[in-house]
Amino acid sequence: MGEKLKDTFGRTFPYIRLSITDVCNFKCGYCLPNGYFKPNNHPGFLNINEIENLVNALSDLGVSKIRVTGGEPTVRKDFFDVMKLIKSKDGIKKLVVTTNGYKLDQLAGALIDTGVDGINISIDTLDREKFKEITGHDRLPEILKGIKILQDKGFKNIKVNAVLLKDINDTKDEFDSWADFINQNKINFRYIELMQTGDNLKYFKKYHQSAKVFKEYLELNGWSNIDRVRDDGPALNYINQKSNGTFGVIAPYSKDFCKTCNRLRITAKGELRLCLFGNTGTDLRKYLQNASQKEELLNLILTQLRFKKESHYLELGNTGITPHLASIGG
Ligand code: SAM
Ligand code: SF4
């Protein structure tokens with residue numbers, strides 16, 4: 001799968017992260033601390049016809065998994081239509097979404113009805129006050145209620161992601177509260193190391209914490225790494241005989257992180273980004289206007305892939321053209 005999309009380092013790309021909006025209602029300190037502002041001359045986000053032409057081409061290239069992200073994808077008025085459209089494409093075997101879950105209690109049922117195969121929910125802490133400080137919104141209860149509704153309806157593939165933040169959520173108490181939560185709710189939880197972006201250098205310097213802290217906690221508390229073959233993307237996964245849940249760590253600054261890269265990104269304005277922190281984007285939008293442009297679109301994507309670099313060089317402070325992850329979908 002995804003064999004047509006192969007780069008010069010032998011990596012294949014069966015997985016696309018498709019952002020459908022840059023807009024977000026949250027103000028996460030590391031991402032959009034002042035909220036989303038619409039720039040002047042905004043061309044608008046890909047409309048549903050453009051998305052359909054794009055997904056048809058991706059499917060022809062062997063893409064089998066699409067993650068819909070943003071900004072906050074659920075703020076888009078036609079969010080459910082976009083999800084159903086992607087799900088209707090035969091080649092796309094897995095449709096997943098990443099959301100801040102702010103209305104999950106209201107959206108859970110309709111989300112399941114789209115046929116979505118997996119839902120990633122971002123929750124940086126289970127402490128309501130801290131959650132409010134990090135995101136600018138007191139929405140934790142709705143998000144947790146949403147998870148409960150999804151589970152009561154029998155939906156299983158839920159992952160919770162948190163950004164690891166120094167002196168905020170990197171303590172044993174925080175780790176213990178997640179251990180209880182994932183055990184009770186049979187959930188897969190991952191900490192992501194904070195990444196430096198164009199806009200967040202000050203925040204990054206203050207709050208970046210190495211994922212080592214959490215790995216040490218896992219080792220001391222009976223969790224074992226289960227990754228024999230690193231073929232499912234860049235997360236390290238851990239299990240514990242005493243728990244119904246699983247833990248994971250995503251450490252973008254670790255050596256070899258990019259070796260298992262299996263994803264490309266497309267922004268909400270239709271730019272192909274070969275790397276989260278690349279220096280260029282390729283405008284696909286002009287080839288998304290008409291279904292008849294598919295051959296040109298396929299050729300453009302295949303040609304661009306030859307330029308994918310071996311690493312993000314993030315450890316050298318290179319953040320490319322990514323001001324914040326809301327502009328590319330994380
Ligand atoms: N709004 C949705 C959400 O928060 O889940 C989807 C988009 S958000 C950009 C995708 C993921 O990127 C979230 O899990 C978020 O926590 C993470 N993220 C944002 N900025 C980050 C940063 N600088 N470093 C690491 N993760 C980041
Ligand atoms: Fe919004 Fe997600 Fe960025 Fe937070 S991380 S500001 S929820 S896009």
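Scroll up to find the structure.
The following paragraphs examine the structure supplied in this document.

Thresholds applied
- Per chain, the residues get numbers from 1 upward, laid out in the order the sequence is written.
- Numbering of ligands from 1 and lettering of chains from A proceed in the order in which they are written.
- Local features are withheld for residues below a pLDDT of 70 in this predicted model, meaning they are given only at 70 or higher, and side-chain atom pairs are given and counted only at 80 or more; totals for whole chains, interfaces and linings count all residues.
- Excluding hydrogens and water, the side-chain values take into account all heavy atoms of the structure.
- Each Phe, Tyr or Trp ring, with Trp reduced to its six-membered ring, pairs with another whose centre is within 6.5 Å; inter-plane angles below 30 degrees give stacked pairs, above 60 give edge-to-face pairs, and intermediate values give tilted ones.
- Only runs of H or I of at least four residues qualify as helices and only runs of E of at least two qualify as strands under DSSP, and these elements are numbered from the N terminus.
- Here's how the labels work: a residue is buried when its accessible area is under 20% of the maximum for its type, exposed when over 50%, partly exposed in between, all with a 1.4 Å probe on protein chains only.
- A pair of strands counts as paired when DSSP detects no fewer than two bridges linking them.
- Handedness of a crossover: with both strands directed away from the viewer, a clockwise path from the first strand across the helix to the second marks it as right-handed.
- We define proximity as follows: a residue is near a molecule or strand when any one of its heavy atoms falls within 4 Å of that partner.
- Contacts described as polar in this section are N or O atom pairs within 3.5 Å, which, within protein, must combine one atom able to donate a hydrogen with one able to accept it, while residues neighboring in sequence count only if both atoms come from side chains.
- Following the grouping adopted for this structure description, the nonpolar residues are Ala, Val, Leu, Ile, Met, Phe, Trp, Tyr, Cys and Pro, the charged ones are Asp, Glu, Lys and Arg, and the polar ones are all others, Gly among them.

With respect to the packing of aromatic side chains
Stage number 1. The tally for this structure, following the rule as stated, stands at 17 aromatic pairs.
Stage number 2. Seen from their ring centres, Phe-189 and Phe-247 are 5.8 Å apart, and the 80 degrees between their planes marks the pair as edge-to-face. Here Phe-189, found in strand S6 (residues 188-193), pairs with Phe-247, found in strand S9 (residues 246-250); they are 58 residues apart in sequence, far enough to count as distant.
Stage number 3. What makes Phe-189 buried here is its relative accessible area of 0%.
Stage number 4. Given a relative accessible area of 0%, Phe-247 falls into the buried group.

Looking at the pairing of strand S3 (residues 94-99)
Stage number 1. Most of S3 is tucked away, with five of its six residues classed as buried.
Stage number 2. Sheet analysis places strand S2 (residues 65-69) next to S3, joined by four bridges and oriented parallel. When the sheet's bridge partners are listed, Val-68 is paired in S3 with Val-97.
Stage number 3. For the crossover that starts at S2, traverses helix H2 (residues 79-87) and ends in the parallel S3, the hand is right-handed.
Stage number 4. Looking at chain direction, S3 and strand S4 (residues 118-122) are connected through four bridges and run parallel. When the bridges of S4 are listed, Thr-98 appears paired with Asn-120.
Stage number 5. Note on the crossover from S3 through helix H3 (residues 104-113) to S4: the handedness is right-handed.

Digging into the site of ligand 1
Stage number 1. With respect to spatial proximity, 18 residues lie near ligand 1, and among them Gly-71, Glu-72, Thr-98, Ser-122 and Met-195 are the closest.
Stage number 2. Gly-71 has a polar backbone atom sitting 2.9 Å from a nitrogen atom of ligand 1.
Stage number 3. Contacts to ligand 1 include Glu-72, whose side-chain N or O atom sits 3.2 Å from a nitrogen atom.
Stage number 4. Of the residues contributing to the shell around ligand 1, the split by class is seven nonpolar, nine polar and two charged.

Considering the pairing of S6
Stage number 1. Along S6, six of the six residues are buried, which leaves the element largely enclosed by surrounding structure.
Stage number 2. The two faces of S6 match: Asn-188, Arg-190 and Ile-192 on one face and Phe-189, Tyr-191 and Glu-193 on the other face are all buried.
Stage number 3. Note that strand S5 (residues 158-164) and S6 share six bridges and pair parallel. Bridge pairing in S6 links Ala-162 to Tyr-191.
Stage number 4. Each parallel crossover has a hand, and the one from S5 via helix H6 (residues 172-185) to S6 is right-handed.
Stage number 5. In this sheet, S9 lies alongside S6 in parallel orientation, the contact comprising five bridges.

A short note on the site of ligand 2
Stage number 1. Taken together, Cys-24, Phe-26, Cys-28, Cys-31, Leu-32, Gly-71, Asn-100 and Ala-326 make up the full set of residues near ligand 2.
Stage number 2. Per-class residue counts for the shell around ligand 2 are six nonpolar, two polar and no charged.

Comments concerning unusual backbone geometry
Stage number 1. With a phi close to 55 degrees, Asn-41 is a non-glycine residue in the positive phi region.
Stage number 2. Along the polypeptide, Asn-41 turns up in the loop between strand S1 (15-19) and helix H1 (48-60).
Stage number 3. The phi dihedral of Lys-186 is positive, around 50 degrees, even though this residue is not glycine.
Stage number 4. The topology assignment puts Lys-186 in the loop between H6 and S6.

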